[in-house]
Amino acid sequence: MAILLRFFRRFLAYRTSLLLGLLCIPLAQLCDVGITLLVGDALDRAQDASDTEWMTRVLLLMGAYAVGHSVMRFYQRWLIVVVSRRVEVDLKTELFGKLVSLPFAYHDRSRSGDVVSRVTSDVEAVRMVLGPGLMYTLGALVILPISIGYLFTINATLALMMTLPMFTMGLTMKLLSGRLHRQSVAVQESISAISHRAQENFGGIRVVKGYAREDSQADQFEGTSAINRDNQVLLGNARGVTNAAIYGSFDLTFAVILLIGGLAAVDRTLPIGDLFKFIDLTIKVFWPLIAIGWILGMLPRAVASAERVEELLNEENPIAEGHEKIARADVRGALAFEDVSFTYERGTEPALSGVTVRVEAGETLGVVGPTGAGKSTLINLVGRLFEADSGRIHLDGHEVRELAFDALRGTVGYVPQDSFLFSETYEENIRFGADHEMTDAEVDALIERVAMKDEVACFPEGKKTLVGERGVTLSGGQRQRTCIARALARDPRILLLDDCLSAVDTETEKELVGSLRSAGEGRTVIVAAHRLSTVQAADRILVLTRSGEVEAIGSHDELLEREGWYRDTWEQQQRTESLSAAVNDEVGGAA
Amino acid sequence: MSEAKSEKEPGGALEIDRSELVATKVWDTSLFKRLLTYARPHRRLFLKSFAVLSLLFIGELLGTRIWKGAIDGPVAGAADAEDKAPFVQALLWWVGAYVALIAAMTVLRYFQTATLNKTGQAVVHDLRAAVFRHLQSLDLGFFDRRPTGALVTRVTTDIESLSEMFTSGIIALLFDSVKVLVVLGMLFAIDVDLALITMLTTPILIGISLAFRGGARRAHREVRARLARLNGYLQEVLGGIRVVQVFRREERVAARFNEALARYFEANRRTIFLFALFYPVMSLAVYLIQGAALWAGIGSIVGKGLTYGEFVQFWLLLNMLVRPIRELGERYNVLQSAFASAERIFQVLDTAPTVVPPATPAAVRTAPGQAPHIAFEDVCFSYVADTPVLRGISFEIPPGKTVAVVGATGAGKSTLVNLLLRYYDASSGRVAVDDVDLRELETSAFRARFGLVLQEDFLFAGSVEENLVMDRSEVSAASLAEAIDAAQARDLVNGLEGGLAAEVAERGATFSTGERQLLAIARALAAEPDVVVLDEATAAVDSATEHRIERATSRLLAGRSALVIAHRLSTIRGADEILVMARGEIRERGTHDELLAAEGLYAKLHALQYAAASA
């Protein structure tokens with residue numbers, strides 16, 4: 001609960017709106033209660049109705065209360081809920097800022113779905129309880145004592161007795177909330193099972209049809225859907241019980257009023273108008289009461305959510321920026337790894353183990369090795385996406401830890417393995433790389449440089465076309481080239497290519513290696529690759545073993561001379577790949 | 001067009017698709033009739049729901065009647081009486097009746113929620129299963145043209161919104177209308193003046209409710225769309241966090257995010273405003289009615305035209321009247337989105353497969369266990385009109401022989417596989433099995449005789465065993481064990497935690513390409529197929545795995561009619577005929593030796609490759 005108070009402090013940033021909104025709650029409720037009292041009194045003084053002046057006064061007063069109630073109720077909701085949304089915006093802004101600043105190691109170990117749900121559903125759960133939740137609770141806390149208190153002055157026994165069913169209702173709801181929660185979790189799970197099955201079937205439809213498994217797949221799906229149906233029915237039953245309990249206690253309150261109030265009325269100790277007040281106030285108290293039950297049910301979830309949000313807000317960033325500043329123009333781009341080791345948090349075996357290698361300024365280093373040999377890791381260490389566990393990495397003789405990000409990351413161009421692009425316009429994706437505002441001519445020059453000019457011209461809106469689902473879908477090769485253009489946009493001293501050609505076919509690779517070579521001219525390049533032909537032309541090639549140790553360093557020709565992983569793999573890759581590549585060359589040449 | 005452009009202008013990526021916001025119609029009789037056909041098998045449940053709702057409604061009305069009876073009977077009667085005892089007795093009778101009624105209604109309220117829900121779920125489950133079953137019958141072209149996500153939506157979100165239609169939409173709407181009418185009728189029975197006042201103001205309430213629902217729906221959709229965009233951007237940035245950090249674009253993406261956030265907030269403000277307005281306006285209108293009722297009621301009470309009991313009953317009935325009207329807008333929205341979903345669902349159900357099974361399917365002539373003869377006869381094909389992918393392809397696969405196809409990407413190799421499996425039908429020419437057109441065969445029986453190994457073979461969630469058996473009755477434990485051995489996958493399987501029972505992660509992510517291929521071969525071998533379709537993976541694997549794949553492949557092909565899209569030299573050399581394809585045509589054909597002797601394209605390629613391999 002203390003944690004919710006800490007979050008509530010954020011609401012105080014908007015205290016004027018909040019206080020005004022909170023003030024509206026009792027005012028609105030008082031007007032509402034006032035109307036009931038007015039009608040009740042009017043019933044008892046019905047004989048005075050011939051007195052038109054009195055009747056007019058009653059009606060005018062009722063009108064005033066009604067308008068007051070409505071206006072207050074509008075402001076209460078408008079002010080408080082908008083404040084809660086503002087706090088949501090603040091929280092999300094802060095969380096997002098935190099997320100983009102956290103080191104890659106954090107993102108690597110946390111599932112992205114989990115992070116997203118902290119920013120979305122957890123924030124929402126906290127907002128609901130502290131915004132609308134507070135509003136409803138306060139509303140109930142105001143109207144309940146006022147009404148019961150007032151009724152107490154009329155007939156104490158009845159007022160006391162009628163609260164009994166209300167308590168029972170609160171208790172039943174509390175008892176049932178566990179079952180409701182369990183059932184709705186089960187329903188959610190069975191729904192995602194359905195979507196999982198469907199996704200898998202549609203994605204693997206070639207295999208399904210190829211093995212004539214349509215019927216058995218449909219049967220399986222029907223089974224999954226039936227589980228969902230059964231869970232839904234159970235949830236419905238649980239809701240049914242809750243529903244019955246709520247309305248049952250509501251009706252029971254009326255029964256109490258009918259019995260005790262009726263007896264008092266027969267005795268002439270309770271006038272009809274007062275009986276009416278009991279009835280009408282019960283109706284008015286009932287819904288706020290249910291709302292309280294609803295909020296109490298949400299509280300545990302909100303506390304858990306608040307903890308998750310706070311955990312993210314307090315997440316520490318172990319990769320601090322260094323203080324050493326070098327002017328970007330002075331960076332030459334010589335890199336040196338000295339006895340560098342690194343183990344992933346979730347890994348048991350080191351990804352890199354005692355790697356020492358130097359890359360002179362302007363030199364190209366290829367990094368190869370079996371899957372899991374730490375090729376990408378080596379590249380990620382340069383920009384300090386990860387921090388080496390031991391050993392040192394130097395840029396132009398400065399240790400990277402000591403360097404300001406401006407000097408370190410500011411001079412690095414990076415092409416990621418998955419050729420990640422934003423769903424923005426094609427042009428924006430390239431401009432993303434530049435630290436300055438690029439001119440159109442500069443953008444065009446880059447597009448031409450990575451041989452995308454003709455293709456971009458064919459996009460529906462040229463370089464202003466959105467990339468991704470809502471725009472053009474780029475092929476693997478096009479994405480790669482765009483990533484390269486983006487990296488070149490910052491005119492980097494060091495170009496890092498993280499196994500970026502393994503996803504494209506051999507033909508596309510050929511094209512790309514050409515544009516890469518021209519891109520790398522005059523720059524230090526580290527290129528990790530799965531396919532050896534990618535690094536064939538590198539000045540030197542670093543061969544890593546499966547456990548992240550250096551097996552060999554040398555040029556392509558040197559490495560072929562000696563027995564080992566490189567030569568074996570080269571020969572085998574040639575066998576499997578060269579034929580189709582050659583056919584393509586031949587046909588392409590003939591065309 | 002120009003309008004769409006201008007909308008996208010600043011920060012186009014954050015813009016939401018306006019077409020998502022367009023509302024559809026609320027009522028569609030033909031759609032509704034069609035939905036009813038799915039409701040018919042569950043008519044008992046529907047009848048039960050109606051019975052429960054009716055009884056509950058009658059109970060509510062009786063409740064108000066008891067109040068009237070109690071007040072006008074014992075309470076009013078005792079006014080001037082000396083002996084209160086008989087009145088107390090009478091009151092206790094009323095209370096007894098009330099408690100009995102409450103007990104019955106509490107039970108009914110349980111069934112109200114439970115039965116209605118059960119009814120809706122029963123119907124949508126049937127519909128969901130039917131949609132999925134229908135999807136299974138559709139041809140591959142249908143799946144190739146649509147994103148998987150959109151199809152998943154058909155059997156998830158769309159079905160769910162239909163279930164709401166059954167649980168809180170149509171039945172409730174129907175009943176609410178009946179309620180409003182009956183309650184109005186009751187009001188007239190109590191007091192004509194009061195009822196007239198109420199009836200005149202009811203349209204105002206309905207008007208407010210309906211006017212609000214339109215605005216609320218639009219506002220809600222906008223909020224949803226903005227939120228989806230916001231979360232989408234967050235997800236995107238998290239996916240590209242490396243790029244963001246290395247390029248030091250933290251502030252740029254934060255600015256974008258905040259922009260999306262601001263738009264989301266604005267949309268929220270509009271929704272809050274509407275909701276903040278709706279309830280007060282609604283209650284103001286109700287107070288208006290109440291004030292009028294008070295004014296008229298007091299007058300009547302004085303004039304002895306109305307009793308206190310009747311006034312209380314009137315007041316309670318008024319509450320019964322307001323609630324369905326307040327919820328009218330919500331029901332209306334449920335109905336509308338349900339119809340939109342129904343339309344999309346029926347669109348799928350109405351899609352007929354273009355690859356149609358024959359009216360009187362023929363059986364494959366060769367008996368199971370014997371390899372059939374396969375022929376492509378002058379086959380042409382195009383996925384999109386006017387872009388031919390295959391141009392007059394003819395070749396034969398004699399029983400038990402292997403035909404290897406080599407060629408560059410886009411030469412049409414995979415299309416041969418698509419046609420042989422009848423994923424698609426040829427535009428002209430025919431594919432024949434034992435001289436019977438594929439289109440005349442019973443597709444599933446024919447496919448069941450295939451062993452299929454695709455490039456990126458698909459592994460399903462479940463155990464390794466389930467993935468290898470694939471629910472085929474002809475696969476026995478013995479044949480599976482044999483297949484695993486033959487596919488050189490024994491070590492692989494034994495090395496898994498739990499062996500065959502080991503769970504496959506999402507899409508087999510834990511297996512390397514080479515391992516997936518061995519498993520796919522085992523899967524194909526398990527049912528001892530007569531025909532093999534093999535699309536060899538191009539991805540590089542280590543030499544040990546390579547060696548195993550080679551051995552597994554030769555076991556797979558031995559004695560079976562096989563079409564292979566080949567990348568491995570060993571496979572190509574072992575083929576009985578090699579087709580060199582380029583641009584949808586066969587450029588050369590023959591055995592490895594023949595082609596080498598012919599000194600054509602293949603020979604040139606082979607020389608090139610041999611040189612490369614020994615460089």
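Because the structure is predicted, anything quoted here is derived from the model rather than measured.

Cut-offs applied
Residues numbered from 1 in each chain as written. Chains lettered and ligands numbered in written order. Predicted model: local features only at pLDDT ≥ 70, side-chain atom pairs only at ≥ 80, totals over all residues. Helix = DSSP H or I, 4+ residues; strand = E, 2+ residues; numbered from the N terminus. Rg over C-alpha atoms; globule rule 2.2 N^0.38 Å. Buried ≥ 20, exposed ≤ 12 C-beta atoms within 10 Å, placed from the backbone. Contact = placed C-beta atoms within 7 Å. pLDDT = per-residue confidence, 0-100. Nonpolar A, V, L, I, M, F, W, Y, C, P; charged D, E, K, R; others polar. Domains from an automatic or database assignment. Pairing = 2+ DSSP bridges. Axes fitted to C-alpha atoms, helices over the stretch in contact; angles between N-to-C directions. Parallel < 35°, antiparallel > 145°, perpendicular 65-115°, else oblique. Left-handed = near helix turned anticlockwise from the far one by under 90°. Expected span 1.5 Å × (residues − 1). Bend = angle between axes of the 7 residues up to and from the residue.

Section: the overall build of chain A
Logical step 1: Counting secondary structure elements, chain A contains 18 helices and 10 strands.
Logical step 2: The C-alpha atoms of chain A give a radius of gyration of 35 Å, which is well past the 25 Å a tight globule of 591 residues would have.
Logical step 3: Evaluated residue by residue, chain A yields a buried proportion of 48% over its 591 residues.
Logical step 4: Taking all contacts inside chain A whose residues are at least 6 apart in sequence as the whole, residues at least 24 apart take part in 80%.

Concerning the overall build of chain B
Logical step 1: In terms of helices and strands, chain B carries 21 helices and 12 strands.
Logical step 2: Taken against the 2.2 N^0.38 rule, which gives 25 Å for 615 residues, the C-alpha radius of gyration of chain B at 36 Å runs more than 25% over that of a compact globule.
Logical step 3: The C-alpha extent of chain B, read off along each of the three principal axes, is 125 × 60 × 50 Å.
Logical step 4: The buried share of chain B, taken over its 615 residues, is 43%.
Logical step 5: Counting only contacts in chain B whose residues sit at least 6 apart along the sequence, the fraction spanning at least 24 positions is 79%.

Re the confidence of the model for chain B
All names here are of chain B.
Logical step 1: In the predicted model, chain B carries a mean pLDDT of 83, and 91% of its residues have values of at least 70.
Logical step 2: Here residues 16-23 scores under 50 on pLDDT; set against residues more than four positions off or in separate chains, the count is 11 contacts.
Logical step 3: Every residue in residues 611-615 is under pLDDT 50, and counting partners more than four places away or in other chains gives 5 contacts.
Logical step 4: What the predictor reports for the complex is a pTM of 0.77 with an ipTM of 0.85.

Some words on the interface of chain B and chain A
Logical step 1: Contact residues are listed per partner, giving 123 residues for chain B and 127 residues for chain A.
Logical step 2: Residues belonging to the side of chain B that touches chain A are distributed by class as follows: 75 nonpolar, 29 polar and 19 charged.

Things to note about the domain arrangement of chain A
Residues and elements named next belong to chain A.
Logical step 1: Domain boundaries assigned for chain A yield domain 1 (2-155 + 270-313) and domain 2 (330-590).
Logical step 2: When each unit is reduced to the centre of its C-alpha atoms, the spacing between domain 1 and domain 2 is 56 Å.
Logical step 3: In this complex, domain 1 contributes 4 residues to the contact, which on the side of domain 2 involves 5 residues.
Logical step 4: Along the lines of polarity and charge, the residues of the side of domain 1 that touches domain 2 split into 3 nonpolar, no polar and 1 charged.

Digging into the domain arrangement of chain B
Frequently, the measure chosen for interface size is the accessible area removed from exposure when the parts meet.
All names here are of chain B.
Logical step 1: Domain parsing of chain B yields domain 1 (26-191 + 331-354), domain 2 (192-305) and domain 3 (374-613).
Logical step 2: Spacing between the C-alpha centres of domain 1 and domain 2 amounts to 24 Å.
Logical step 3: Contacts between the two partners involve 7 residues from domain 1 and, on the opposite side, 11 residues from domain 2.
Logical step 4: Those elements that place two or more of their residues in the side of domain 1 that touches domain 2 are α7 (157-190) and α11 (308-350).
Logical step 5: Top contributing element to the side of domain 1 that touches domain 2 by residue count: α7, with 4 residues.

Re the sheet that holds strand β4 (residues 428-433) of chain B
Residue and element names in this part refer to chain B.
Logical step 1: Taken in spatial order, the 4 strands line up as β2-β1-β4-β5 in an open sheet, and their pairing is antiparallel. The open sheet has two free edges, formed respectively by β2 (390-397) and β5 (436-437), since each of these has just one partner strand.
Logical step 2: Where β4 meets β5, 2 bridges bridge the pair, whose relative direction is antiparallel. Residue pairing for β5: V433 is matched across the bridge by V436.

Overview of the packing of helix α8 (residues 192-239) of chain B against helix α10 (residues 250-302) of chain B
Residues and elements named next belong to chain B.
Logical step 1: Where α8 contacts α10, the axes come no closer than 9 Å and their chain directions differ by 170°. The angle between α8 and α10 falls in the class roughly antiparallel.
Logical step 2: Residue classes in the contact of α8 with α10 are distributed as 30 nonpolar, 8 polar and 7 charged.

A few points about the sheet that holds strand β3 (residues 402-407) of chain B
All names here are of chain B.
Logical step 1: Ordered in space as β6-β9-β10-β3-β11-β12, the 6 strands form an open sheet in which the pairing is mixed. Two strands close off the open sheet at either side, each with one partner strand: β6 (450-453) and β12 (585-590). On average, adjacent strands in this sheet sit at an angle of 15° to one another, irrespective of strand direction.
Logical step 2: For β3 and strand β10 (residues 561-565), the ladder comprises 4 bridges, and the chain directions are parallel. Looking at the pairing, V403 lines up with L563 of β10.
Logical step 3: Against the sheet, helix α12 (residues 413-420) makes contact with β3, β9 (531-535), β10 and β11 (577-582), and its axis sits at roughly 145° relative to β10, the strand it touches most.
Logical step 4: In the packing of helix α17 (residues 513-526) onto the sheet, the strands contacted are β6 and β9, and the crossing angle to β6 comes to about 175°.

Overview of the pairing of strand β6 (residues 412-415) of chain A
Residues and elements named next belong to chain A.
Logical step 1: Alternating residues of β6 divide into V412 and Y414 and G413 and V415, and every residue in both groups is buried.
Logical step 2: Summarising the sheet, β6 and strand β7 (residues 494-498) pair through 4 bridges and their orientation is parallel. Pairing of G413 across the sheet is with L495, part of β7.

Focus on the pairing of β3(B)
Residues and elements named next belong to chain B.
Logical step 1: Of all the 6 residues making up β3, 6 are buried; the element is thus mostly covered by neighbouring parts of the structure.
Logical step 2: Of the two faces of β3, the one carrying T402, A404 and V406 and the one carrying V403, V405 and G407 are both buried.
Logical step 3: Two strands pair when backbone bridges link them, and β3 and β11 are joined in this way by 5 bridges, in the parallel orientation. Among the inter-strand pairings, G407 is bridged to a residue of β11, identified as M581.

Comments concerning unusual backbone geometry
All names here are of chain A.
Logical step 1: Positive phi is not limited to glycine here, since D339 has a value of about 50°.
Logical step 2: Relative to the helices and strands, D339 resides in strand β1 (residues 335-342).
Logical step 3: With phi around 45°, D491 is a residue other than glycine that occupies positive phi space.
Logical step 4: By C-beta crowding, D491 is classed as partly exposed, having 15 other C-beta atoms within 10 Å.

Details of the environment of A:D280
All names here are of chain A.
Logical step 1: Mapping D280 onto the fold places it in helix α9 (residues 272-313).
Logical step 2: On the neighbour-count criterion, D280 (23 C-beta atoms within 10 Å) is buried.
Logical step 3: Contacts of D280, omitting those with residues within four sequence positions, involve T36 and V39.

A closer look at the packing of helix α4 (residues 85-137) of chain B against α11(B)
Residues and elements named next belong to chain B.
Logical step 1: Their axes nearest at 9 Å, the elements α4 and α11 cross at an angle of 40°. Our classification of the angle between α4 and α11 gives oblique. Read as a crossing pair, α4 and α11 show a hand that is left-handed. Residues L127, V131, H134 and L135 of α4 touch α11, and the partners they reach there are I345, V348 and L349.
Logical step 2: Its residues assigned to classes, the contact of α4 with α11 shows 6 nonpolar, 1 polar and no charged.

Regarding α9(A)
Logical step 1: Compared with the 62 Å implied by 1.5 Å per residue over 42 residues, the 59 Å span of α9(A) between its first and last C-alpha is a close match.
Logical step 2: The sharpest bend along α9(A) comes to roughly 35°, located at A:L299, with the proline A:P300 sitting one to four residues further on.

Section: the environment of A:R197
Logical step 1: Note that A:R197 resides in helix α6 (residues 156-203).
Logical step 2: On the basis of neighbour count, A:R197 is assigned to the buried category, with 21 C-beta atoms found within 10 Å.

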